[in-house]
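Chain residues, written in single-letter form:
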Amino acid sequence: MKIAFVSTECVPYAKTGGLADVAGSLPVELQNLGCEVKVFIPKYFLIDEMKHELHYNWDIGEMPIRINGQIRSVHVHQSKLPGSNVEIDFIDCPYYFHRNRIYTDDPDEDERFILFSKGVIETLQRIQWAPDVIHCNDWQSGLIPLFIKDNYNWDKLFDKTATVFTIHNIGYQGRFSKSALLSAEIRGDLFYPGGPVEFEGGISFMKTGIVFSDILNTVSNTYAHEILTPELGAGLHIALQQRKDDLYGILNGVDHRIWNPETDKHLPFKYSQGDMSGKIKNKNFLLERFGMSFDEKIPLIGIVSRMVLQKGFDIFADALGDLMRLSAQWIILGNGEDKYEHMFRMISQKLPHKTGVYLGYNNELSHLIEAGADMFLMPSRYEPCGLNQIYSLKYGTVPIVRKTGGLADTVHDWDELHHYGLDTGTGFSFNDYSGYALYKGVERAVNCFHVKDVWKKIQKNGMRRDYSWKNSAEKYMELYKMAKEKRR
Ligand code: ADP
């Protein structure tokens, strides 16, 4: 089966969140299952051509693509995903992509991803490669299903090409003014109140993907149900309900080539289920880096996160006083909204021996926190899948999570009342979205930490779980088959 995998992030080239991890791993696993896969991402300015061995594709050359009435010149660089034979194509248009950030607030943000989407389709035309499935991810590639069925349907190349649309986060919808219709050359008769591309008077790329793709999925079963509700559907629940028979949930996997405490190249000390001594050494190393002292009786709680409302930092703020009174240390890595960055800057200044804070993006440190912390906190308001709690399980770092989306599907609450003989508890979860519930969840974990044999059991339960990509990739294969069937 031929798959064109379209993403706007991919490890190791460009990453802001979990989508990059998925795009760097799932295509490799699909190729292992016998698919022929080509990955497409934009060639952002920050991607180093030399370091990643990108080659200009002379066969394709320069492609003129019309956006907003202007012809832009687009070309393609090629490489292979590291450690694999999977081809990756970088769609380059300096006018749109040579900016300092992956996503911007610039007024032509819509045009950037319209161009990317058309660039992918026109590359396929140039190389005359007809995918069985174009797998689109999030709003940035949400117009592709419509383009294939409408703007480019004159091209017989795509007669049998199906589209799958994966929602990694319904909170980011690619909403623009009606002028995007013209920029993308979408038929005007598709735009009317409640129509397939319209949302609250403007146009939504995410809604367009939902309406026109052959099959839809999101990244956990629970989230697939949650987005059908007004509470968590972020206004698109009605469009989703209309497609609910075509909507599936497939959990993201973990790439064990990158996230594995036995081999992780970012860790000074490797460790395994059989020998956890390296974990304590990593904890010591991590604390030293933040000028904090090590005490094996005090648990270290880690956070690695984008600092946005979705991730539960408002309830963290509500519980801050109580949390800081617990006998625990904290190391926090992340960046995002000013108010949350300010909160963490404040506590690290006030309580330097208790809290270490790094505001920014740091991949190596994210691995070290996963390995060195005893616990990992994710109090998300909603969480489509969440990867860090899955990495935490693998690293023997007990997750404390709010029971929502993928967090509910991957972290099994420890049952203090019947703990001996219980092989399923892998972490601590709480239901209510409140500072009090969060605090109680952390308090439970801290109390359990002191009962050493119980703690070891929880760690081992988590480390034994298998969240490798293989299972999920097989489920994607099923999805592709269904999409092909539908297209027929
Ligand atoms: P989301 O995609 O919503 O941000 P996920 O849990 O699915 O959340 O994925 C987040 C990914 O981004 C993880 O691989 C995590 O380690 C990484 N990450 C988030 N913030 C940072 C940061 N400040 N520095 C390094 N890695 C980060």
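Bear in mind the structure is a predicted one, so any value in this text is a computation, not a measurement. (Residues numbered from 1 in each chain as written. Predicted model: local features only at pLDDT ≥ 70, side-chain atom pairs only at ≥ 80, totals over all residues. Heavy atoms only, no water.)

**A closer look at the overall build of the protein**
Regarding its fold elements, the protein presents 17 helices and 19 strands. For the protein, whose C-alpha radius of gyration is 23 Å, the value lies close to the compact-globule estimate of 23 Å for 488 residues. Seen through its principal axes, the protein has C-alpha atoms that stretch 70 × 45 × 45 Å. A burial count over the protein gives 61% of its 488 residues as buried. Looking at the protein alone, contacts between residues at least 24 apart form 73% of all its contacts between residues at least 6 apart. Distance between charge centroids for the protein: 2 Å, based on 56 positive and 62 negative side chains. (Helix = DSSP H or I, 4+ residues; strand = E, 2+ residues; numbered from the N terminus. Rg over C-alpha atoms; globule rule 2.2 N^0.38 Å. Buried < 20%, exposed > 50% of the residue type's maximum accessible area, 1.4 Å probe, protein only. Contact = heavy atoms within 4.5 Å. Lys, Arg positive; Asp, Glu negative; His and termini not counted. Charge placed at Lys NZ, Arg CZ, Asp CG, Glu CD.)

**Description of the packing of aromatic side chains**
Scanning the entire structure with this criterion turns up 22 aromatic pairs. Taking the centre distance of 6.3 Å and the plane angle of 55° together, the rings of Phe97 and Phe113 count as tilted. In this pair, Phe97 sits in helix H2 (residues 94-97) while Phe113 sits in helix H3 (residues 109-127), placing the two residues 16 residues apart along the sequence. With respect to class, Phe97 is no different from Phe113; both count as buried. (Phe/Tyr/Trp six-rings, centres within 6.5 Å; stacked < 30°, edge-to-face > 60°.)

**Side note on the packing of helix H15 (residues 435-449) against helix H16 (residues 452-464)**
At a closest axis distance of 7 Å, the pairing of H15 and H16 adopts a crossing angle of 115°. Here Ala445, Cys448 and Phe449 of H15 lie close against H16, whose contacting residues are Lys452, Val454 and Trp455. Tallied by class, residues from the contact of H15 with H16 come to 5 nonpolar, no polar and 1 charged. (Axes fitted to C-alpha atoms, helices over the stretch in contact; angles between N-to-C directions. Nonpolar A, V, L, I, M, F, W, Y, C, P; charged D, E, K, R; others polar.)

**Things to note about the domain arrangement of the protein**
The domain architecture assigned to the protein consists of domain 1 (2-253 + 470-487) and domain 2 (277-467). Inter-centroid distance (C-alpha atoms) of domain 1 to domain 2 is 33 Å. Between domain 1 and domain 2, the residue contacts involve 19 residues of the former and 19 residues of the latter. Linking domain 1 with domain 2 are 0 salt bridges. Inspection of the domain 1/domain 2 interface yields 10 residue pairs in polar contact (both at pLDDT 80 or more). Of all the elements in the fold, those that place two or more residues in the side of domain 1 that touches domain 2 are helix H1 (18-32) and helix H7 (221-226). It is H7 that provides the largest number of residues to the side of domain 1 that touches domain 2, a total of 4 residues. (Domains from an automatic or database assignment. Salt bridge = Lys/Arg side-chain N within 4 Å of Asp/Glu carboxyl O. Polar contact = N/O pair within 3.5 Å; in protein donor to acceptor, adjacent residues only side chain to side chain.)

**What about the sheet that holds strand E15 (residues 329-336)?**
In space, the 6 strands of this open sheet follow the order E16-E15-E14-E17-E18-E19, with parallel pairing throughout. Each having just a single partner strand, strand E16 (355-359) and strand E19 (428-430) make up the two edges of the open sheet. On average, each strand axis in the sheet is tilted by 15° relative to the strand beside it, whichever way the strands run. Alignment of strand E14 (residues 300-307) against strand E17 (residues 375-378), held across 2 bridges, turns out to be parallel. Across the sheet, residue Ile301 finds its bridge partner in E17, namely Met375. In the packing of H15 onto the sheet, contacts are made with E14, E15, E17, strand E18 (398-402) and E19, and the angle to E19 comes to roughly 160°. (Pairing = 2+ DSSP bridges.)

**Section: the nonpolar core**
Core analysis: the largest hydrophobic core is formed by 124 residues, its most contacted members being Leu30, Ile170, Ile186, Ile210, Leu240, Ile369 and Tyr476. Ignoring anything within four residues of it in the chain, the contact list for Leu30 reads Cys35, Val37, Ala473, Tyr476, Met477 and Tyr480. Counting 37 residues, the second largest nonpolar core, distinct from the first, contains Phe313, Ile347, Ile400 and Val446. (Core = buried A, V, L, I, M, F, W, Y, C linked by side-chain atoms within 4.5 Å.)

**Description of the site of the ligand**
Around the ligand sit 18 residues, and of these Lys15, Gly18, Arg306, Lys311 and Gly360 come closest. Measuring from an oxygen atom of the ligand, one finds a side-chain N or O atom of Asn388 at 3.3 Å. Protein chains shield 93% of the accessible area of the ligand, which is 560 Å² for the free molecule. Elements represented by at least two residues in the shell around the ligand include exactly H1, E14, E15 and helix H13 (388-394). If you tally residues by element for the shell around the ligand, the top one is E14, at 3 residues. Here the residues of the shell around the ligand are counted per class, giving 5 nonpolar, 9 polar and 4 charged. Lining the shell around the ligand are residues from two domains, each supplying at least three of them: domain 1 (2-253 + 470-487) and domain 2 (277-467). (Near = heavy atom within 4 Å. Areas by Shrake-Rupley, 256 points an atom, 1.4 Å probe, with all protein chains shown as cover.)

**Structural notes on the environment of Asp59**
For Asp59, the position within the fold is in the loop between strand E3 (55-56) and strand E4 (63-67). For the pair Asp59 and Arg126, spaced 67 residues apart in sequence, the C-alpha to C-alpha distance is 8.4 Å.

**A closer look at the pattern of salt bridges**
Taken as a whole, this structure holds 28 salt bridges when the rule is applied. The partner of Asp108 in a salt bridge is Arg99, with the nearest N and O atoms 2.8 Å apart. Assessed through its relative accessible area of 11%, Asp108 is described here as buried. The exposure class of Arg99 is buried, given its relative accessible area of 16%. In this structure, Asp255 and Arg257 form a salt bridge, with 2.7 Å as the shortest nitrogen-oxygen distance. The class of Asp255 is buried, set by a relative accessible area of 9%. Bridged by salt links that share partners, the residues Arg66, Lys118 and Glu185 form one connected network.

**A word on the pairing of E14**
Burial runs high along E14: 7 of the 8 residues are buried. Bridge analysis of E14 against E15 gives 8 bridges, and the strand direction is parallel. When the sheet's bridge partners are listed, Ser305 is paired in E15 with Gly334. Assessed by its sense of winding, the connection that carries the chain from E14 through helix H10 (residues 313-325) to E15 is right-handed. (Right-handed = clockwise from strand over helix to strand, strands pointing away.)

**Overview of helix H6 (residues 205-212)**
Burial within H6 is extensive, with 7 of its 8 residues counted as buried. For H6, every residue scored as buried is listed here: Phe205, Met206, Lys207, Thr208, Gly209, Ile210 and Phe212.

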